[in-house]
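# Chains, contacts and geometry: an overview
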Amino acid sequence: MSYVVLFLATSIIFLVADAIMLRSVLQPVFARHLGDGLYEGGFRLLPAVLFYFVYMFGVLWFAGLPALKAGTPHTALLNGAVLGLVAYGTYELTSWAVMRDWHPQMVVMDIAWGTVLTGAAAWGGVLAARAVAG
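Throughout what follows, the structure given in this document is the object of discussion. (Residues numbered from 1 in each chain as written. Predicted model: local features only at pLDDT ≥ 70, side-chain atom pairs only at ≥ 80, totals over all residues. Heavy atoms only, no water.)

### A word on helix α3 (residues 73-98)
The terminal C-alpha atoms of α3 lie 37 Å apart, and with 26 residues this matches the ideal 38 Å at 1.5 Å per residue to within 8%. For α3, the principal kink sits at G89 and spans about 25 degrees. Regarding α3, the residues found buried are P73, A76, G80, A81, L83, G84, Y88, G89, E92 and S95. Those residues of α3 that are buried lie in contact with α1 (2-34), α2 (45-70) and α4 (104-133). (Helix = DSSP H or I, 4+ residues; strand = E, 2+ residues; numbered from the N terminus. Expected span 1.5 Å × (residues − 1). Bend = angle between axes of the 7 residues up to and from the residue. Buried < 20%, exposed > 50% of the residue type's maximum accessible area, 1.4 Å probe, protein only. Contact = heavy atoms within 4.5 Å.)

Shown next, in the form of structure tokens:
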């Protein structure tokens, strides 16, 4: 049961926080720099869903599950933040290296957000799973 709670809590924290940040902060910055290069419908649903499932697998595997098993939520925070830095950094730095209109402001903002978001979601998921498990 605690693994289900871990997955659900981590996913909900991640999705809600990411949706708020994307709409209010990141999307306007990306729109300013990429303009017509952005997808007109906002995003494609299938790749977005696939990203979240793959990413949640990584967050649980590398951060949530080890911290839950060890009983150390701070481990989820640290490992999640490192995973976020690596994953978002890989995407942003590669995009900046090969895409003409990719801007350093986008790189810095998205890497910082991915680091904080992944660490916080992993930590919150472990706390929720521990609370339910008693």
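And the narrative resumes.
### Overview of the side chain of E92
In this fold, E92 is placed in helix α3. Buried charge E92 goes without a salt bridge, the closest partner of opposite sign being R32 at 13 Å. Excluding anything up to four places from it in sequence, E92 contacts F30, W102, M106, V107, D110 and I111. (Lys, Arg positive; Asp, Glu negative; His and termini not counted. Salt bridge = Lys/Arg side-chain N within 4 Å of Asp/Glu carboxyl O.)

### Focus on the packing of α2 against α3
In contact at an axis separation of 8 Å, α2 and α3 are set at 145 degrees when each is read in the N-to-C sense. Taken as a pair, α2 and α3 cross one another with a handedness that is right-handed. Of the residues in α3, those touching α2 at F51, Y55, G58, V59, F62, A63 and A67 are T75, A76, N79, G80, L83, G84, A87 and Y88. Across the contact of α2 with α3, the residue classes tally to 10 nonpolar, five polar and no charged. (Axes fitted to C-alpha atoms, helices over the stretch in contact; angles between N-to-C directions. Left-handed = near helix turned anticlockwise from the far one by under 90°. Nonpolar A, V, L, I, M, F, W, Y, C, P; charged D, E, K, R; others polar.)

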